[in-house]
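# Structure at a glance
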Amino acid sequence: MKKDEPPLDFPDTLEGFEYAFNEKGQLRHIKTGEPFVFNYREDLHRWNQKRYEALGEIITKYVYELLEKDCNLKKISIPEGYGVIVLNPNENYIEVEKPKIHVQSSSESADEPAEKRERKDKVSKETKKRRDFYEKYRNPQREKEMMQLYIRENGSPEEHALYVWDHFIAQSAAENVFFVAHSYGGLAFVELMIQREADVKSKVTAVALTDSVHNVWHQEAGKTIREWMRENCCNWVSSSEPLDTSVESMLPDCPRVSAGTDRHELTSWKSFPSIFKFFTEASEAKTSSLKPALTRRSHRVKHEEL
């Protein structure tokens, strides 16, 4: 901590930060009406980052409440026992405080059987893990030396996608499943197809990728997967061209079109109108048992020639 850095004692409500969402769902400062400013205090990047994270915790809770109240969605813990839903596939771990090394005295260990001692140690470790987890989320601003604890069966974006597919999507009654996969999420989706190709093809109607970083060559996606992606996927990429302008690609997978923005983080939001049109056409085509004209013929010819 810098000598002149303020304490990391942040509010626990949006009002405390003097922010609120307006009627358009935009986060704005209550007094000035300005959008969120990261560099709230000059030359204090660490403090600004912690402030940003603290506000993020509050907004995450707010979004959960909206999803449950307005969208009638159910909040489920994955996997059981962790009490957390993974929102960001690139952060599939929780942080817990590094345990202090406890040196057990010889008198402590000599007075009880090895089996009982081992059982006590296991219980103690589990108790500490839970305590550290809940303490971390109760007070994310505390300054302690932390370590990463990967979430069981969800330790990577690829594992997470597979877990969600097997435990939720595959078991659902839905006949038309649509994916919107942003950035690394596109890579995770391709890995899911490699692992569950037949199941994905039978249940997924269309896939919208936004600035996806997948690579069918490096991921060794087979010919049948590439062919399915050409017909059922589209990648809206960052580009200064107008929305839906064709963008050339050297990869023989799905067509690429402009998202109407050259900012990576805005590609999903900017391309939503086109994505929903894409999904509607795919759904209607599936209902009528006809293949939708989702891609331009020129794209398919070029991919086949490659």
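Per an unreviewed UniProt entry, the recorded name for the protein is Cotranscriptional regulator ARB2A isoform X5, and the organism is Vicugna pacos.

## Here we look at the nonpolar core
Counting 21 residues, the largest nonpolar core has Phe179, Phe189, Val200, Val204, Val207, Trp228 and Met229 as the members making the most contacts within it. Elements supplying a minimum of two residues to this core: α4 (157-169), β5 (177-182), α5 (184-195), β6 (204-210) and α7 (223-232). Residue contributions to this core peak at 4 residues, all from α5. Aside from chain neighbours lying at most four places away, what touches Trp228 is Phe189, Met193, Val200, Lys201, Val204, Val207 and Cys233. Counting 11 residues, the second largest nonpolar core, distinct from the first, contains Tyr19, Leu27, Trp47 and Ile58.

## Side note on the sheet that holds β6
Taken in spatial order, the 5 strands line up as β5-β6-β7-β9-β8 in an open sheet, and their pairing is mixed. Of all the strands in the sheet, just β5 and β8 (246-247) have a single pairing partner and so form its edges. Here β6 pairs with strand β7 (residues 233-237) via 4 bridges, running parallel. Residue pairing for β7: Leu209 is matched across the bridge by Asn235. Sitting on the sheet, α7 is in contact with β6 and β7, with an inclination near 80° to β6.

## Observations concerning unusual backbone geometry
With a phi angle near 60°, Asp43 is a residue other than glycine that sits in the positive phi range. Following the sequence through the fold, Asp43 ends up in the loop between β2 (27-29) and α1 (45-69). At Glu220, a residue that is not glycine, the phi angle is positive and equals roughly 55°.

## So, the packing of aromatic side chains
One pass over the structure, following the stated rule, counts 14 aromatic pairs. With centroids separated by 5.4 Å and ring planes inclined at 55°, the aromatic side chains of Phe10 and Trp47 adopt a geometry described as tilted. Note that Phe10 is positioned in the segment before β1 (19-21) and Trp47 in helix α1, a separation of 37 residues in sequence. Looking at Phe10, the relative accessible area reads 12%, which means it is buried. Taking the ring centre of Trp47 as reference, the NZ or CZ of Arg41 above it sits at 4.8 Å. Here the basic side chain of Arg51 rests over the ring of Tyr40, its NZ or CZ set 4.1 Å away from the ring centre.

What counts and what doesn't
- Residues numbered from 1 in each chain as written.
- Predicted model: local features only at pLDDT ≥ 70, side-chain atom pairs only at ≥ 80, totals over all residues.
- Heavy atoms only, no water.
- Core = buried A, V, L, I, M, F, W, Y, C linked by side-chain atoms within 4.5 Å.
- Buried < 20%, exposed > 50% of the residue type's maximum accessible area, 1.4 Å probe, protein only.
- Helix = DSSP H or I, 4+ residues; strand = E, 2+ residues; numbered from the N terminus.
- Contact = heavy atoms within 4.5 Å.
- Pairing = 2+ DSSP bridges.
- Axes fitted to C-alpha atoms, helices over the stretch in contact; angles between N-to-C directions.
- Phe/Tyr/Trp six-rings, centres within 6.5 Å; stacked < 30°, edge-to-face > 60°.
- Lys NZ or Arg CZ within 6 Å of the ring centre and 35° of its normal.

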